[in-house]
Amino acid sequence: MFNLIKTELFKLRRQKIIIVLVMVVMAISAFSAYSEINLLTEPGNPVTGRDSFANAFQDIFMLFVIAAFSGFYIGSDFSNRTIQAELSKGHRRLDIIFSKAFVFCISAGFIMLLYPVTVCLIHTIKFGWGDLFNIQEVLYLLRVSLLGIVLNIGTASLYVCFAFLCKDIPKTICVCFAFPILFSIIDSTIGKKIDLVGRLFEYSTLSQLKYIVNDNLSISTILIVFLSSCITIFISITLSGYFFSNTEIK
Amino acid sequence: MNDYILQTIGLTKKYANMVALDHVDITIQKGRIYGFIGQNGAGKTTFMRLVSGLSLPDSGDIILFGKTQKKELEKQRKRMGCMIEYPALYPYMTARDNLEAMRIAQGIPNKNVVEDCLKIVGLHDTGKKKVQNFSLGMKQRLGIAATLLGEPEFLMLDEPTNGLDPVSMVEIRELLKKLAYEKQLTILVSSHILSELYQLATNYIFLHHGKIIKEISKERLDECCKKHIFILVDDVSRAAMALERVLNTRNYKVMPDQSIQLYDYIDDMQKVILALNEQKLSIKNIGLAGDNLEDYFINTIGGMGNV
């Protein structure tokens, strides 16, 4: 499996899509940051770097970027049939899933961090951090970023599952695009009516993002963040294994 | 230790209501080149997909390098090189990077194998050209190069000459022959170009409607196809006498259309012409004739009506 992970990293370095996505994210982040300056800033009450950093974590925009990433990164392996080549070379199906999931989720986790960081940077340059920038603030930034990556990795693992279910680029992108929209709709409708569904959604990696930006975090909240991500990864990999293990590879 | 690379016993695969492979028993012996012959939909690709692990059989066993368990089969597949249907390549990478990615995946420490394989298929000078800009023939060559990584003992190639120009076809054929001879490589190759397959393979497997209908060696095929000299003269009985008295052969047949089929002197037709001329016979037509692989295959599956 280690060889497969090395291959995935090699593939990632050669794929232009990662560079394109990073540039798109930077451009949209900058655009979004400047629009917020014009739209949201009231005289005497500017958007500070700290506020925008916290708000940007709850923006679902990055999920659409990751949808495209999953399509071009994992879906393309089905379209190019390179997954077929790996299988016929004797690699275990589960190893193939793990290696792709590992590299994709970590890359996605970092790409998703670009948006809050860029928006925060622009707003901080324009209006300042909004508080005294001391070691506590640095620790806050690091904590939120780390937990953000953990949750984003969990969410990205769902996209791995979608890619192994759809097995091509367009279907993967469509399903991954639909996911955050469906999530929001179900959360705001069924989630409000059925308590159990509401609670489940509350513990999801997407919902937990709003808690990690709080100033003070209890150990139990941090534990829930890690558990939420781990359970999501486990379910995603298990489902991916189920979809991929007993299937015909075209 | 037996010399079998691959053996299938009762291999069966069904798709919905269609039986793609019906209790297929095949034995592939080491160091031979097997031509896999069948019409579209006969089950050739399905067979290769099952052996390479892309599809799962409904019943039957696959014994690869003497192993049959699922996990063991996965390990043994590392000793194989496969190209099924069309080459599996990263379009956004160069030929070199494609092979490099595959080298890393297979854990081959020697980096030189990439260059060696590119040289073997004549793609070492493609530079930074991306595979997405390659012609179909170049992609086929790169696909073959990819199967050669890691010095496999068994190659399984589905239509490897697809899209190749005649010169490249000859090159690939000679390359496969050379590999089989020098490295004792066993090859299972399917192709629609039966004349090409005839020149490449040492054994032939005929597949029809998911069933093996014939397995035959090249020697036996040549015998069955009965290469002969076709002779048409003005006097058949004098010609027959000339063959027996001058050339000392009785290995001929007089056909109902008054032509003669001579099975000796295939490589020395000049001698036959001289013998007939000595008897002052008027030769209307003379030449080499016989079934080819294509005719033989069509006859085996029951004539053109079954094609």
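Up top is the structure.
These figures come from a predicted structure and were not determined experimentally. (Residues numbered from 1 in each chain as written. Chains lettered and ligands numbered in written order. Predicted model: local features only at pLDDT ≥ 70, side-chain atom pairs only at ≥ 80, totals over all residues. Heavy atoms only, no water.)

Undergrad: Would you take a moment to explain the overall build of chain B for this structure?
TA: Looking only at helices and strands, one finds 11 helices and 13 strands in chain B. Along the longest, intermediate and shortest principal axes, the C-alpha atoms of chain B span 75 × 45 × 40 Å. Counting across all 307 residues of chain B, residues that qualify as buried make up 50%. Taking all contacts inside chain B whose residues are at least 6 apart in sequence as the whole, residues at least 24 apart take part in 67%. For chain B, the accessible area works out to roughly 14800 Å², and carbon and sulfur atoms hold 48% of it. Across chain B, the mean location of the 39 positive side-chain charges is 4 Å away from that of the 37 negative side-chain charges. (Helix = DSSP H or I, 4+ residues; strand = E, 2+ residues; numbered from the N terminus. Buried < 20%, exposed > 50% of the residue type's maximum accessible area, 1.4 Å probe, protein only. Contact = heavy atoms within 4.5 Å. Areas by Shrake-Rupley, 256 points an atom, 1.4 Å probe, with all protein chains shown as cover. Lys, Arg positive; Asp, Glu negative; His and termini not counted. Charge placed at Lys NZ, Arg CZ, Asp CG, Glu CD.)

Undergrad: How should the overall build of chain A be read in this particular structure?
TA: Across its full length, chain A holds 12 helices and 0 strands. What you see in chain A, going N to C, is helices and strands ordered as α-α-α-α-α-α-α-α-α-α-α-α. Computed over the C-alpha atoms, the radius of gyration of chain A is 19 Å, within 12% of the 18 Å expected from 2.2 N^0.38 for a compact globule of 250 residues. Counting only C-alpha atoms, chain A reaches 65 × 45 × 30 Å along its principal axes. In chain A, the share of contacts with a sequence separation of at least 24, taken over all contacts with a separation of at least 6, comes to 84%. Carbon together with sulfur atoms contributes 71% to the accessible area of chain A, which is approximately 11800 Å² in total. In chain A, the 20 positive side-chain charges and the 16 negative ones have mean positions that sit 12 Å from each other. (Rg over C-alpha atoms; globule rule 2.2 N^0.38 Å.)

Undergrad: Please explain the interface of chain A and chain B as it appears in this structure.
TA: Accessible area lost on assembly of the parts is the figure often given for the size of an interface. Opposite the 28 residues of chain A that make contact, chain B presents 32 residues. Each partner contributes to the roughly 2700 Å² buried at the junction of chain A and chain B, and carbon and sulfur atoms together form 52% of this total. Where chain A packs against chain B, one counts 2 salt bridges. Put simply, Arg14(A) and Asp97(B) hold a salt bridge, and the shortest N to O gap is 2.7 Å. Linking chain A with chain B are 8 residue pairs in polar contact (both at pLDDT 80 or more), by the criterion used here. (Buried area = accessible area lost by both parts, 1.4 Å probe. Salt bridge = Lys/Arg side-chain N within 4 Å of Asp/Glu carboxyl O. Polar contact = N/O pair within 3.5 Å; in protein donor to acceptor, adjacent residues only side chain to side chain.)

Undergrad: Explain the sheet that holds strand β3 (residues 33–37) of chain B to me, please; I cannot follow it from the model alone.
TA: Strand pairs in the sheet, formed through backbone hydrogen bonds, run parallel or antiparallel to each other. Residue and element names in this part refer to chain B. Sheet architecture is open: 6 strands sit in the order β5-β6-β7-β3-β8-β9, paired in mixed fashion. In this open sheet, the two strands that pair with only one neighbour each are β5 (80–83) and β9 (211–217). Adjacent strand axes in the sheet meet at a mean angle of 15 degrees when their direction is disregarded. Relative to β5, helix α5 (residues 136–148) is tilted by about 160 degrees, and along the sheet it contacts β5 and β6 (154–158). Running at roughly 135 degrees to β3, helix α6 (residues 166–182) makes contact with β3, β6 and β7 (186–190) of the sheet. (Pairing = 2+ DSSP bridges. Axes fitted to C-alpha atoms, helices over the stretch in contact; angles between N-to-C directions.)

Undergrad: How should I be thinking about a positive patch on the surface in this particular structure?
TA: Residues and elements named next belong to chain B. A contiguous patch of positive charge on the surface is contributed by Lys-67, Lys-70, Lys-71 and Lys-75. Inspection of the secondary structure puts Lys-71 in helix α2 (residues 70–76). Lys-71 gets classed as exposed once you look at its relative accessible area, which sits at 64%. (Patch = residues over 30% accessible without salt bridge, like charges linked within 9 Å, V, L, I, M, F, W, Y side chains within 5 Å.)

Undergrad: Explain the environment of Asp222(B) here, please?
TA: All names here are of chain B. For Asp-222, the location among the structural elements is in helix α8 (residues 218–225). Judged by its relative accessible area of 31%, Asp-222 is partly exposed. Between the alpha carbons of Asp-222 and Pro-256 there is a distance of 24 Å; along the sequence they are 34 residues apart. When residues no more than four places from it in sequence are discounted, the contact partners of Asp-222 are Tyr-198 and Lys-227.

Undergrad: Sorry, what's going on with the environment of Asn3(A) here?
TA: Here Asn3(A) shows up in helix α1 (residues 2–14). C-alpha of Asn3(A) to C-alpha of Asp95(A): the two residues are 92 residues apart in sequence and 10.0 Å apart in space. Sequence-distant contacts of Asn3(A), that is, excluding residues within four places in its chain, are made with Ile104(B), Ala105(B), Gln106(B) and Gly107(B).

Undergrad: Would you mind showing me how to read the pairing of β9(B) here?
TA: Side-chain positions along a regular strand alternate between the two faces of the sheet. Residues and elements named next belong to chain B. Pairing analysis gives 6 bridges linking strand β8 (residues 203–208) to β9, with the strands arranged antiparallel. Bridge pairing in β9 places Leu-207 opposite Ile-212. From the end of β8 to the start of β9, which pair antiparallel, there are 2 residues, and His-209 there has a positive phi angle of about 50 degrees.

Undergrad: Where do I start with the sheet that holds strand β1 (residues 4–15) of chain B in this structure?
TA: Residues and elements named next belong to chain B. Ordered by their spatial adjacency, 3 strands build an open sheet running β2-β1-β4, and the pairing between neighbours is antiparallel. Strand pairing shows two members of the sheet lacking a second neighbour, β2 (18–29) and β4 (59–64), which therefore form its edges. Neighbour-to-neighbour, the strand axes of this sheet turn through a mean angle of 15 degrees, independent of strand direction.

Undergrad: In this structure, what is going on with the state of the cysteines? I would like to understand it.
TA: A covalent bond between the sulfur atoms of two cysteines is what we call a disulfide. Overall, the coordinates contain 0 disulfides over all chains when judged by the stated rule. With no disulfide of its own, Cys230(A) lies closest to Cys105(A) among cysteine sulfurs, the gap being 12 Å. Free of any disulfide, Cys117(B) has its nearest cysteine sulfur in Cys82(B), 15 Å distant. (Disulfide = S-S within 2.5 Å.)

Undergrad: In this structure, what is going on with the packing of aromatic side chains? I would like to understand it.
TA: How two aromatic rings sit relative to each other is set out by the distance from centre to centre and by the angle between their planes. Residue and element names in this part refer to chain A. Per the stated rule, a full pass over the model turns up 16 aromatic pairs over all chains. Seen in terms of ring centroids, Tyr-73 and Phe-104 are 6.2 Å apart; in terms of plane orientation they differ by 20 degrees. Their pairing is stacked. Here the residue Tyr-73 occupies a position in helix α4 (residues 61–79), and Phe-104 occupies one in helix α6 (residues 93–127), the gap between them amounting to 31 residues. A relative accessible area of 0% places Tyr-73 in the buried class. The exposure class assigned to Phe-104 is buried, which follows from its relative accessible area of 0%. Both rings, one in Phe-179 and one in Phe-183, keep their centres 6.1 Å apart while their planes meet at 55 degrees; by these two values the pair is tilted. A residue pair is termed a helical-turn pair when its members lie 3 or 4 positions apart in one helix, as Phe-179 and Phe-183 do in helix α8 (residues 169–188) at 4 residues. (Phe/Tyr/Trp six-rings, centres within 6.5 Å; stacked < 30°, edge-to-face > 60°.)

Undergrad: Please explain the nonpolar core as it appears in this structure.
TA: Side chains of nonpolar character tend, in soluble globular proteins, to be buried together. Counting 94 residues, the largest nonpolar core has Phe69(A), Phe104(A), Phe47(B) and Phe154(B) as its most contacted members. The dominant element in this core, judged by the number of residues it contributes, is α6(A), at 14 residues. Not counting chain neighbours up to four residues away, the residues in contact with Phe104(A) comprise Ile66(A), Phe69(A), Ser70(A), Tyr73(A), Ile74(A), Ala156(A), Tyr159(A) and Val160(A). In terms of nonpolar packing, the next biggest core, distinct from the first, is built from 49 residues, Leu123(B), Leu164(B), Ile187(B) and Ile298(B) among them. (Core = buried A, V, L, I, M, F, W, Y, C linked by side-chain atoms within 4.5 Å.)

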